[in-house]
Amino acid sequence: MLSEIERGCLVLTDITGYTRYLAGTELEHAQDVLADLMTTVVGALRPPLRLAKLEGDAVFAYAPAGRLDGPTLLDLAESCYFRFRRRLRDIRQATTCQCNACRQMPLLDLKLFAHDGEFVRQRVAGREELAGADVILLHRLLKNSVAETLRLQGYALFTEACVRAMQVDPATTGMREHVETHEHLGAVRTFVQDLHVRWAEEQERQRVYIGPGQAELELPFEIPAAPPVVWDYLTSPARRMRYQPGTHRIDQQNPRGRRGPGTTNHCVHGHQVIVEEILDWRPFHYFTVRFVVMEIMLEETVELAAVDDGTRVTLRTRGPRAGKARQAWESLREQHTGYMREVFAQLAAVVQEETAGG
């Protein structure tokens, strides 16, 4: 019986400098560090990706077609890189060891490759493997000329097939075009995101975060899925339309070519349009928006935290501080609370139905 051909987003991460690091350090310490970093990368990718295989210093994962959109893929790539860099920094700061393995940790970096293509699942030695020409192509891209041509070490490389399938605009997201040529595969057009630059921007970006005790309204909700999955439902206009009552249309504008600070959502409720502006964006931890309801300006942080049965989403809403606007917000608060309870009840039901069975 022939295996069924499937399609999806194939993702491969690779730790840069692994061979040189391993060769020049104490094996025992080096293996502990690398095992820790690999665990961090796997945790950052799964979910929304499914783990296909660990390959030495690389992680191979995938998402079936329709399970991932472009903005979420870009968020995932950056979130994975940020978690890798934070973990590398934390390990270094937490140790006083002066062995070569500990001193040379800054030599390590991370690359991520993404391609949209076909694959089949097959059993090899009792384990499921993904196979096909697109799987081979993705792995061939590990050997490339990006470092020499673009002078990059930590980066995300997306094939043309991937950005087309995910409807990502490389120009507005700041990607650089790069072509790799491989025997039997020909020229492969790709687009490269400098993750070093994004990491530096992440360190400098101002936070807009409403923490515990800083809001007039705080509502917790339980959703039966992992934070990255719930994040996608909360931030994708197409997914929001599946559970948000009374919403006829959501038009999203992304000045930077992707969801994030500066993005505006125009939520059409009959003759009323509510414009949400994203002020802060920390996938898959929290985001903060500003919006106006009945001429009352509100700011709201939506925070996600993993729990045993899925995700606890906490809404913290802050209104005007004084005057008539403050009185109007106090009158509106109960109505807003009721609406958000309805939204999250619908969300929990939709998530449970659509993610049943993985």
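Residues numbered from 1 in each chain as written. Predicted model: local features only at pLDDT ≥ 70, side-chain atom pairs only at ≥ 80, totals over all residues. Heavy atoms only, no water.

Draft legend 1. Up close: the overall build of the chain. Of the regular secondary structure elements, the chain holds 11 helices and 15 strands. Since a compact globule built from 358 residues should have a radius of gyration of about 21 Å, the 22 Å found for the chain is in line with a globular shape. With respect to the three principal axes, the spread of C-alpha positions in the chain is 70 × 55 × 40 Å. Taken across its 358 residues, the chain has 51% of its residues classed as buried. Excluding contacts between residues fewer than 6 apart, the proportion of contacts in the chain whose partners are at least 24 apart in sequence is 65%. (Helix = DSSP H or I, 4+ residues; strand = E, 2+ residues; numbered from the N terminus. Rg over C-alpha atoms; globule rule 2.2 N^0.38 Å. Buried < 20%, exposed > 50% of the residue type's maximum accessible area, 1.4 Å probe, protein only. Contact = heavy atoms within 4.5 Å.)

Draft legend 2. Spotlight on the side chain of K111. Residue placement: K111 occurs in strand 4 (residues 109–124). Setting aside residues no more than four positions away along its own chain, K111 makes contact with L12, T13, D14, T16, L142, Q153 and Y155.

Draft legend 3. Structural detail: the pattern of salt bridges. Summed over all chains, the structure comprises 33 salt bridges. Among the ionic pairs, E118 bridges to R7, the shortest N-O distance being 3.9 Å. Residue E118 is found in strand 4, and its partner R7 is found in strand 1 (residues 6–16); the two are separated by 111 residues along the sequence. The residue E277 makes a salt bridge to R290 at a minimum N-O spacing of 3.5 Å. Here E277 is found in strand 12 (residues 272–282), whereas its partner R290 is found in strand 13 (residues 286–293), with 13 residues between them in sequence. Classification of E277 as partly exposed rests on a relative accessible area of 32%. Here R290 falls in the partly exposed class, since its relative accessible area comes to 28%. Taken together, the salt bridges that share partners define one network made up of D69, D232, R239, R242, R259 and E354. (Salt bridge = Lys/Arg side-chain N within 4 Å of Asp/Glu carboxyl O.)

Draft legend 4. Quick peek at unusual backbone geometry. Cis geometry is adopted by the peptide bond preceding P48, which originates at P47 and carries an omega value of 15 degrees. Here P48 lies in the loop between helix 2 (27–45) and strand 2 (50–55). Along the chain, P283 connects to F284 via a cis peptide bond; the corresponding omega equals -10 degrees. By the element assignment, F284 lies in the loop between strand 12 and strand 13. Positive phi outside glycine occurs at Q167, with the angle close to 55 degrees.

Draft legend 5. A look at helix 5 (residues 133–140). Within helix 5, burial applies to D134, V135, L137 and L138. Buried residues of helix 5, viewed axially, fall in a sector of 160 degrees; they line one side. Close packing links the buried residues of helix 5 with strand 1, strand 3 (58–64), strand 4, strand 5 (127–131), strand 6 (155–159) and strand 8 (186–194). (Arc of directions from axis to C-beta.)

Draft legend 6. Summary view of the packing of aromatic side chains. Enumeration according to the criterion identifies nine aromatic pairs in this entry. On the basis of an interplanar angle of 5 degrees and a centroid distance of 4.2 Å, the ring pair of F221 and F344 is categorised as stacked. A residue pair is termed long-range when its members are at least 10 positions apart, and F221 in strand 9 (residues 217–223) and F344 in helix 11 (residues 323–354) qualify at 123 residues. Across the pair, exposure class does not vary: F221 and F344 are buried alike. Note on W231 and W281: the rings are 4.8 Å apart at their centroids and 65 degrees apart in plane angle, and the pair reads as edge-to-face. Here W281 lies in strand 12 and W231 lies in helix 9 (residues 227–235), a separation of 50 residues in the sequence. (Phe/Tyr/Trp six-rings, centres within 6.5 Å; stacked < 30°, edge-to-face > 60°.)

Draft legend 7. Structural detail: the nonpolar core. Membership of the largest hydrophobic core comes to 76 residues, with the highest contact counts inside it found for L73, F158, L234, V313 and F344. Counting residues per element, this core draws most heavily on helix 3 (residues 70–94), which supplies 10 residues. Discounting residues that sit within four places of it in the chain, F344 has contacts with F221, I223, L234, V313 and L315. If you look at the next biggest cluster of nonpolar residues, it comprises 20 residues, including L12, Y62, L137 and L152. (Core = buried A, V, L, I, M, F, W, Y, C linked by side-chain atoms within 4.5 Å.)

Draft legend 8. Focus on the side chain of T288. Within the fold, T288 resides in strand 13. Of the polar contacts made by the side chain of T288, one reaches the backbone oxygen of V208; its length is 2.5 Å. Side chain to side chain, T288 and T301 meet in a polar contact 2.7 Å long. (Polar contact = N/O pair within 3.5 Å; in protein donor to acceptor, adjacent residues only side chain to side chain.)

Draft legend 9. View of helix 9. Buried residues dominate helix 9, accounting for nine of its nine residues. Where helix 9 is concerned, the buried positions are P227, P228, V229, V230, W231, D232, Y233, L234 and T235.

Draft legend 10. Up close: the environment of L347. Summarising the element assignment, L347 is placed in helix 11. Each C-alpha atom of the pair L347 and G154 lies 36 Å from the other, and the pair is 193 residues apart in sequence. For L347, the residues in contact, after removing those within four places along its chain, are I223, Y233, L234 and Y243.

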